[in-house]
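Survey of secondary and tertiary structure
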Amino acid sequence: MAKVAFVTGGAQGIGKAIVQRLAKDGFSVAVADLNIKEATKVADEVNKANGEALAIKINVADRDNFFAAVDEAVEKLGGLDVLVNNAGLGPTTPIDTITPEQFNKVYNVNAAGVIWGTQAAHKYFKKFGKGGKIINATSQAGVVGNPNLALYSGTKFAVRGITQVTARDLAEEGITVNAFAPGIVKTPMMFDIAHKVGANAGKDDEWGMAQFSKDIALKRLAQPEDISAVVSFLAGPDSNYVTGQTLIVDGGMQFQ
Ligand SMILES: NC(=O)C1=CN([C@@H]2O[C@H](COP(=O)(O)OP(=O)(O)OC[C@H]3O[C@@H](n4cnc5c(N)ncnc54)[C@H](O)[C@@H]3O)[C@@H](O)[C@H]2O)C=CC1
Ligand SMILES: CC(=O)C(C)=O
């Protein structure tokens, strides 16, 4: 029986690469995303390549919906072994522009969503009694505060704290909790940030991407597949004794 992974934000970017890599690793994968149309395309590609994937619509900020989505995955894929809390929002928010609505929206997705996913997965890890793995998306921006990203960086620092605490809370049940912290990865989220950096200078997105890389002192940019290789390690048997850790996956960060 194949192991089952539940990946949020699996419809594009890093999440899509994680789905494809875990399917290649032999997992049956739930491709959970707000964007069910694109999630279905990703799942169809996996199934056409003789893998097993199921697209599930989810809003990770909605606790009840998260539990229902995991219930559906367990029922249709036959279990749960790995949860990847990858979904996230990455708005550019100069400090004086942040509104209460924006604060609530970003924290409810990026931070609360990790808590709801952990609870929903723990329900089944407890029931099946085989342990489990929880893998959370933090960021280089959750290790170093990046310019104009107060909301986003705050949530990603929070994800690292949630990772460390839940790793302690769940260790005795054989559940590991770790985080991956990418640097700059060329995805729609990052292009949105780069676009704003470029537009502010009257330049294009590629210029904005290069400038943002300089602004946060990263030497190289990564592709989504570079990140999914790290998630594959964290989801696999070789990382059973790794927990509470943040694996930084960047292009050579220089800590200020
Ligand atoms: N792209 C980058 O350079 C970096 C990304 N990250 C993190 O990696 C993760 C993935 O990032 P990207 O692939 O770049 O993002 P992306 O914006 O390209 O894709 C995010 C996916 O999550 C989904 N999503 C958004 N809100 C959702 C919600 N409430 N419920 C369910 N699905 C939702 C979107 O529909 C989309 O498919 C995020 O947590 C991000 O913070 C961390 C460091 C760098
Ligand atoms: C958007 C993001 O995660 C960075 C590295 O700033």
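What you see is a predicted model; the values in this text were computed from it and never measured.

**Some remarks on helix α1 (residues 13–24)**
Over its 12 residues, α1 runs 17 Å from end to end, which matches the ideal 16 Å to within 8%, given 1.5 Å per residue. Those residues of α1 not exposed but buried are G13, I14, G15, A17, I18, V19, L22 and A23.

**As for the confidence of the model for the protein chain**
Fine structural detail should not be taken from predicted coordinates in areas where pLDDT scores are low. On average, residues of the protein chain score 95 in pLDDT, and 98% of them reach the 70 mark or higher. Taken over the whole predicted complex, pTM reads 0.97, whereas the ipTM for its chain interfaces reads 0.98.

**Thoughts on the packing of α1 against helix α2 (residues 36–48)**
α2 packs onto α1 with a crossing angle of 20° between their chain directions and a minimal axis gap of 11 Å. Classified by the angle between their axes, α1 and α2 sit roughly parallel to one another. Taken as a pair, α1 and α2 cross one another with a handedness that is right-handed. Residues K16, V19, Q20 and A23 of α1 touch α2, and the partners they reach there are V42, E45 and V46. Here the contact of α1 with α2 is composed, by residue class, of four nonpolar, one polar and two charged.

**What to know about the site of ligand 2**
By nearness alone, every residue bordering ligand 2 is listed as S139, Q140, A141, N146, L149, Y152, G183, M190, I193 and F212. The side chain of S139 places a nitrogen or oxygen atom 2.7 Å from an oxygen atom of ligand 2. When ligand 2 is considered free in solution it has 230 Å² of accessible area, and contact with the protein chains removes 96% of it.

**A word on the side chain of N86**
As for its position among the elements, N86 is in the loop between β4 (82–85) and α4 (100–128). We classify N86 as buried; its relative accessible area is 11%. Not counting residues up to four positions away in its chain, the partners in contact with N86 are T8, G9, I14, G15, I18, A137 and F180.

**Some points on the site of ligand 1**
As a structural note, the neighbourhood of ligand 1 is formed by 28 residues, with D33, N86, Y152, V185 and T187 the closest of them. Between ligand 1 and N59 there is a distance of 3.0 Å, counted from a nitrogen atom to a side-chain nitrogen or oxygen. T187 is positioned such that a nitrogen or oxygen atom in its side chain is 2.4 Å from an oxygen atom of ligand 1. Here ligand 1 loses 94% of its free accessible area of 840 Å² to cover by the protein chains. Counting only elements with at least two residues in the shell around ligand 1, the list comes to α1, α5 (150–170) and α6 (188–200). Sorting elements by how many residues they give to the shell around ligand 1 places α6 first, with three residues. Among the residues making up the shell around ligand 1, the classes are represented as 16 nonpolar, 10 polar and two charged.

What counts as what
- Residues numbered from 1 in each chain as written.
- Chains lettered and ligands numbered in written order.
- Predicted model: local features only at pLDDT ≥ 70, side-chain atom pairs only at ≥ 80, totals over all residues.
- Heavy atoms only, no water.
- Helix = DSSP H or I, 4+ residues; strand = E, 2+ residues; numbered from the N terminus.
- Expected span 1.5 Å × (residues − 1).
- Buried < 20%, exposed > 50% of the residue type's maximum accessible area, 1.4 Å probe, protein only.
- pLDDT = per-residue confidence, 0-100.
- Axes fitted to C-alpha atoms, helices over the stretch in contact; angles between N-to-C directions.
- Parallel < 35°, antiparallel > 145°, perpendicular 65-115°, else oblique.
- Left-handed = near helix turned anticlockwise from the far one by under 90°.
- Contact = heavy atoms within 4.5 Å.
- Nonpolar A, V, L, I, M, F, W, Y, C, P; charged D, E, K, R; others polar.
- Near = heavy atom within 4 Å.
- Polar contact = N/O pair within 3.5 Å; in protein donor to acceptor, adjacent residues only side chain to side chain.
- Areas by Shrake-Rupley, 256 points an atom, 1.4 Å probe, with all protein chains shown as cover.

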